[in-house]
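Residues per chain, in single letters:
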Amino acid sequence: EFKNMLLPLEFKGTGRVRLGDFYGTAMNGTWQFSENPAYLRELGALDESDPANPFVIIPNYNNGHSNCVGATPYHDVCCISECEALTEAIEKKFAAPAVAPQDL
């Protein structure tokens, strides 16, 4: 759901949304996108490679703990990572701790 809300704001196919656009959706009533920069940084969802133009990294935000729908001391209920099936297939095929990039 969050991914589908953020993709229309994506900057030039980078998988990122300008931080200002991210907060702009919150200003328009979309409560989900209101996390502060420190929290986004902690999630690994803030790209500050250009400090004058920070971005939110869509997959890192989407899979962040802030998007879990419930939590207890014993478990969290979170979205399934879209990469999980791909990672599993790669791990199963190579069955090794490391693989040369050209073999992928």
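Residues numbered from 1 in each chain as written. Predicted model: local features only at pLDDT ≥ 70, side-chain atom pairs only at ≥ 80, totals over all residues. Heavy atoms only, no water.

### Focus: the overall build of the chain
Reasoning step 1: Along the backbone of the chain there are five helices and five strands.
Reasoning step 2: For the chain, the residues scored as buried account for 24% of the 104 residues in total.
Reasoning step 3: Taking the intrachain contacts of the chain between residues at least 6 apart in sequence as the baseline, contacts between residues at least 24 apart amount to 43%.
Reasoning step 4: Approximately 7,300 Å² of the chain is accessible, and the part contributed by carbon and sulfur atoms is 57%. (Helix = DSSP H or I, 4+ residues; strand = E, 2+ residues; numbered from the N terminus. Buried < 20%, exposed > 50% of the residue type's maximum accessible area, 1.4 Å probe, protein only. Contact = heavy atoms within 4.5 Å. Areas by Shrake-Rupley, 256 points an atom, 1.4 Å probe, with all protein chains shown as cover.)

### Looking at the environment of F2
Reasoning step 1: Of note, F2 is situated in helix α1 (residues 2–6).
Reasoning step 2: The buried category is assigned to F2, whose relative accessible area is 12%.
Reasoning step 3: As a C-alpha pair, F2 and P59 span 57 residues in sequence and 9.7 Å in three-dimensional space.

### Side note on a nonpolar patch on the surface
Reasoning step 1: Together, L86, I90, V99 and L104 make up a nonpolar patch on the protein surface, roughly 360 Å² of accessible area in all.
Reasoning step 2: Relative to the helices and strands, L86 is located in helix α5 (residues 84–94). (Patch = residues over 30% accessible without salt bridge, like charges linked within 9 Å, V, L, I, M, F, W, Y side chains within 5 Å. Salt bridge = Lys/Arg side-chain N within 4 Å of Asp/Glu carboxyl O.)

### Overview of the packing of aromatic side chains
Geometry of an aromatic ring pair is reported as the spacing of the ring centres plus the angle between the planes.
Reasoning step 1: A complete count under the given rule lists three aromatic pairs for this structure.
Reasoning step 2: Relative to F55, the ring of F11 has its centre 5.2 Å away and its plane inclined at 50 degrees; by these criteria the two rings are tilted. Note that F11 is positioned in the loop between α1 and β1 (16–18) and F55 in strand β3 (residues 55–57), a separation of 44 residues in sequence.
Reasoning step 3: Classification of F11 as partly exposed rests on a relative accessible area of 23%. (Phe/Tyr/Trp six-rings, centres within 6.5 Å; stacked < 30°, edge-to-face > 60°.)

### Considerations on the pattern of salt bridges
One side chain can pair with another of opposite charge once the charged atoms of both are near each other.
Reasoning step 1: Evaluated as defined, the whole model comprises two salt bridges.
Reasoning step 2: Linking D47 and R16 is a salt bridge whose minimum nitrogen-to-oxygen distance equals 2.8 Å. You can see D47 sitting in strand β2 (residues 46–47) and its partner R16 sitting in strand β1, a full 31 residues away along the chain.
Reasoning step 3: Under the relative-accessibility criterion, D47 is labelled buried at 14%.
Reasoning step 4: Classification of R16 by relative accessible area gives partly exposed; the value is 26%.
Reasoning step 5: Here R41 ties to E48 by a salt bridge, and the two come within 2.7 Å at their closest N and O atoms.
Reasoning step 6: A residue is classified by how much of its surface remains accessible, and E48, at 35% relative accessible area, is partly exposed.

Everything listed here is a matter of geometry and, on its own, says nothing about what the molecule does.
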